[in-house]
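Now for the letters of each chain:
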Number of protein chains: 2
Amino acid sequence: MSEEQDKKQQSHQKKMEKLKDNVDASIAAASTERGVGILLTGNGKGKSSSAFGMVMRALGYEYKVGVVQFIKGEQLSGEELYVRDKCPEVTFHQMGTGFTWDTQDRSGDIAAAKESWAVAEKMLADKSYHLVILDELTYMLSFKYLDEDVVLNALRNHPTNQSVVVTGRGGGSGLADWADTVSEIKEIKHAYNSGVMARKGVDF
Amino acid sequence: MSEEQDKKQQSHQKKMEKLKDNVDASIAAASTERGVGILLTGNGKGKSSSAFGMVMRALGYEYKVGVVQFIKGEQLSGEELYVRDKCPEVTFHQMGTGFTWDTQDRSGDIAAAKESWAVAEKMLADKSYHLVILDELTYMLSFKYLDEDVVLNALRNHPTNQSVVVTGRGGGSGLADWADTVSEIKEIKHAYNSGVMARKGVDF
């Protein structure tokens, strides 16, 4: 090793030792072991895909997973096809209407939201589910299709061993207060705005 | 339907018609069909899980997927176990060292990074891959383990039908310029900071 390389290695080692100390200190500081509530919000790409990534993570340990989707398109997307066809250990429920801006029928949408919420509520009371995903739930609150107090009450009382992930833009302070972890996914730029179409296997 | 309900429905329908017009206009404006480059960055939870959600999405259409992980922990995490055991259609490569702050060996880390990059470079030149995930690649650039020009050159020249997802904090302006879509995942809060341990099946 040349003198210069040696210096680089020493300086590198110092930096990495410090980083390791910081990482180790954070790990030591956390001591409570329980399921968590996660809110993935913001206007950028990556909220639902992150939730489905956690589905894959839970399946890696053969945990039971529940997914309720409160908004769906006309066709099943890739991850929905995958979960439905390849993952019998996932209980998968989709609200039985299209996008709310396509149906334009408020009372029909409310009925559908309430029916899907009933499915979610059962999962949130069932400790056999290690992970429950409530995809696009935030819109049901912002459109006032579901009562926020009812939703928050069920979320607050999920079993200790269970983790719950809520996705969607907005969501309000009630959801943010409830969640242990909140990530805001900010759009810095999107292919869409340069005229590139949504991509099969990536965007849907 | 009461008069009040009727009013609510009419106002709802107007709002939703407007929303539908906006959504439809955005869809009509995008006309280029090709694979995209995506950068998932920021300090919040959801970067790698979002990438693995896209893996699931691509698998829903039975597309071929490649994953290269440039940083790994001592144990395989849930999504890694899942991909390795349940997804033979995914080519999965992990850098053969632990966290760089654990090894504290700069020249060993550089050699490992270069070896993993060679795997990634092959995928980026192979159009049979519909989706390539380069998990935690940003750190290899910020630690200067890999040459940025070499990396950017391969990224810029990926096959038209292929999409590429790069994850990790930071990444620099070169990666951000390259990407069609950039999401910054901001930590608003994290369970960690309230003393809650990382959760199996959710965080790893």
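Residues numbered from 1 in each chain as written. Chains lettered and ligands numbered in written order. Predicted model: local features only at pLDDT ≥ 70, side-chain atom pairs only at ≥ 80, totals over all residues. Heavy atoms only, no water.

K.L.:
Explain the pattern of salt bridges to me, using residue names and the numbers behind them.
P.N.:
All names here are of chain A. This model, assessed by the stated rule, comprises nine salt bridges over all chains. In this structure, the salt-bridge partner of K45 is D203, at a minimum N-O distance of 3.4 Å. Here K45 is found in the loop between β1 (37–41) and α2 (47–60), whereas its partner D203 is found in the segment after β6 (181–189), with 158 residues between them in sequence. Overall, the relative accessible area of 10% leaves K45 in the buried class. (Salt bridge = Lys/Arg side-chain N within 4 Å of Asp/Glu carboxyl O. Helix = DSSP H or I, 4+ residues; strand = E, 2+ residues; numbered from the N terminus. Buried < 20%, exposed > 50% of the residue type's maximum accessible area, 1.4 Å probe, protein only.)

K.L.:
Outline the pairing of strand β1 (residues 37–41) of chain B, supporting the account with residue identities and numerical values.
P.N.:
Residues and elements named next belong to chain B. Most of β1 sits inside the fold, with five of its five residues counted as buried. Pairing analysis gives four bridges linking β1 to strand β5 (residues 163–167), with the strands arranged parallel. Bridge pairing links I38 to V165 in β5. (Pairing = 2+ DSSP bridges.)

K.L.:
How would you sum up the interface of chain A and chain B? Please name residues and give values.
P.N.:
Contact with chain A, which involves 88 residues of that partner, is made by 88 residues of chain B. A combined buried area of about 7,600 Å² lies between chain A and chain B, and 58% of that area is made up of carbon and sulfur atoms. Counting across the chain A and chain B interface gives three salt bridges. A salt bridge links R57(A) to E79(B), with the nearest nitrogen and oxygen atoms 2.9 Å apart. Taken together, the elements giving at least two residues each to the side of chain A that touches chain B come down to α1 (3–29), β1, α2, α3 (78–86), α4 (100–103), α5 (106–124), α8 (172–178) and β6 of chain A. Of the residues contributing to the side of chain A that touches chain B, the split by class is 37 nonpolar, 28 polar and 23 charged. Bridging between β6(A) and strand β6 (residues 181–189) of chain B involves seven bridges; their strand directions are antiparallel. Along β6(B), the bridge assignment pairs K189(A) with V182(B). (Contact = heavy atoms within 4.5 Å. Buried area = accessible area lost by both parts, 1.4 Å probe. Nonpolar A, V, L, I, M, F, W, Y, C, P; charged D, E, K, R; others polar.)

K.L.:
Before we move on, could you go through unusual backbone geometry and cite the residues and values that matter?
P.N.:
Residues and elements named next belong to chain A. Positive phi, close to 70°, is recorded for E136, a residue that is not glycine. Tracing the backbone shows E136 in the loop between β4 (131–135) and α6 (137–142). Overall, E136 belongs to the buried group, its relative accessible area being 18%. The backbone of K144 sits at a positive phi, close to 60°, despite the residue not being glycine. Turning to its location among the elements, K144 is positioned in the loop between α6 and α7 (148–156).

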